[in-house]
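A closer look at the structure
Spelled out from the first residue to the last, the chains are:
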Amino acid sequence: MKSTIENTVKFVKEKLEGAEAGHDWYHIERVWKLSKKIAETEDCNHDVVELSALLHDIADPKFHNGDETIAPKIAREFLEEQQVPEDVIEKVLFIIKNISFKNRAEAPAELPIELKIVQDADRIDAIGAIGIGRTFNFGGFKNNPMYDPEVQPSLNMSKDEYKKSNGTTINHFYEKLLLLKDLMNTDKGKEIAQQRHDYMLGFLDQFFKEWNVD
Ligand code: ADP
Ligand code: NI
């Protein structure tokens, strides 16, 4: 599998050339490394974990007019070319389709351990200092306001409302980022998330102190 992983790295780097900074190759590399770290503490198929981490954002629907069918198609074609066994391909595609935060209401109740690992890794990269950086970058990319005291966060949004949300970047912390700590699947994930969660709380505290100049 070593050469397949190397080929996948090369493929993903090429595909994500020019991607928004929060969803670029370096996001994938961090999620890949975090996935490997968490996988060491779990009984799982390591090839499935690594391939899924590398391919999980290969065609993010939010950059493809909401089309959720492109990523599994691209991933299948690539993995078949690499002669990856069909049972591994199916596990990887299942993970790519079900990993997303916005699809969590539709995901099956029992998730395979490999999905839980990559999902934790992806969510860990959404929080902490990197999470703050990615979130402001994405908000800037969308030309959203940083913060608007008149706009309240909306909790429990449906998938459609979440995707259409023109909220502020600060509201994204309350609508998603601060919820992730309690959604961690693995013990290792929980441990890493807690520290990053506390860091975000400190950031928000400071942000509001500086916003409210008196
Ligand atoms: P997923 O890909 O797991 O469904 P999202 O697409 O909601 O998750 O978000 C991935 C990352 O993109 C977030 O962690 C955040 O950094 C950024 N992001 C998504 N939506 C917003 C938003 N409305 N404002 C700011 N950042 C966002
Ligand atoms: Ni991701």
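Just above, that's the structure.
All of these numbers come straight from a predicted model, not from anything done at the bench.

**Observations concerning the site of ligand 1**
- Within the structure, ligand 1 sits among 13 residues, and Lys62, Ser100, Lys102, Tyr162 and Lys176 are positioned closest to it.
- At a separation of 2.6 Å, an oxygen atom of ligand 1 approaches a polar side-chain atom of lysine 62.
- Between an oxygen atom of ligand 1 and a side-chain N or O atom of threonine 135, the distance comes to 3.0 Å.
- Starting from 540 Å² of accessible surface for ligand 1 in isolation, the protein chains cover 91%.
- The dominant element in the shell around ligand 1, judged by the number of residues it contributes, is helix H7 (residues 128-141), at 3 residues.
- Partitioned by chemical class, the residues of the shell around ligand 1 number 5 nonpolar, 4 polar and 4 charged.

**Re the pattern of salt bridges**
- Under the criterion given, the structure shown has 9 salt bridges.
- For glutamate 80, the salt bridge identified is with arginine 76, shortest N-O distance 2.7 Å. Highlighted residues: glutamate 80 and arginine 76, both in helix H4 (residues 70-81), separated by 4 residues, approximately one helical turn.
- Among the residues examined, glutamate 80 registers a relative accessible area of 42% and is labelled partly exposed.
- Note that glutamate 191 is salt-bridged to lysine 188, the shortest N-O span being 3.5 Å. Remark: lysine 188 and glutamate 191 occur in helix H10 (residues 187-211); sequence separation between them is 3 residues, near one turn of the helix.

Procedures and definitions
Residues numbered from 1 in each chain as written. Chains lettered and ligands numbered in written order. Predicted model: local features only at pLDDT ≥ 70, side-chain atom pairs only at ≥ 80, totals over all residues. Heavy atoms only, no water. Near = heavy atom within 4 Å. Polar contact = N/O pair within 3.5 Å; in protein donor to acceptor, adjacent residues only side chain to side chain. Areas by Shrake-Rupley, 256 points an atom, 1.4 Å probe, with all protein chains shown as cover. Helix = DSSP H or I, 4+ residues; strand = E, 2+ residues; numbered from the N terminus. Nonpolar A, V, L, I, M, F, W, Y, C, P; charged D, E, K, R; others polar. Salt bridge = Lys/Arg side-chain N within 4 Å of Asp/Glu carboxyl O. Buried < 20%, exposed > 50% of the residue type's maximum accessible area, 1.4 Å probe, protein only.

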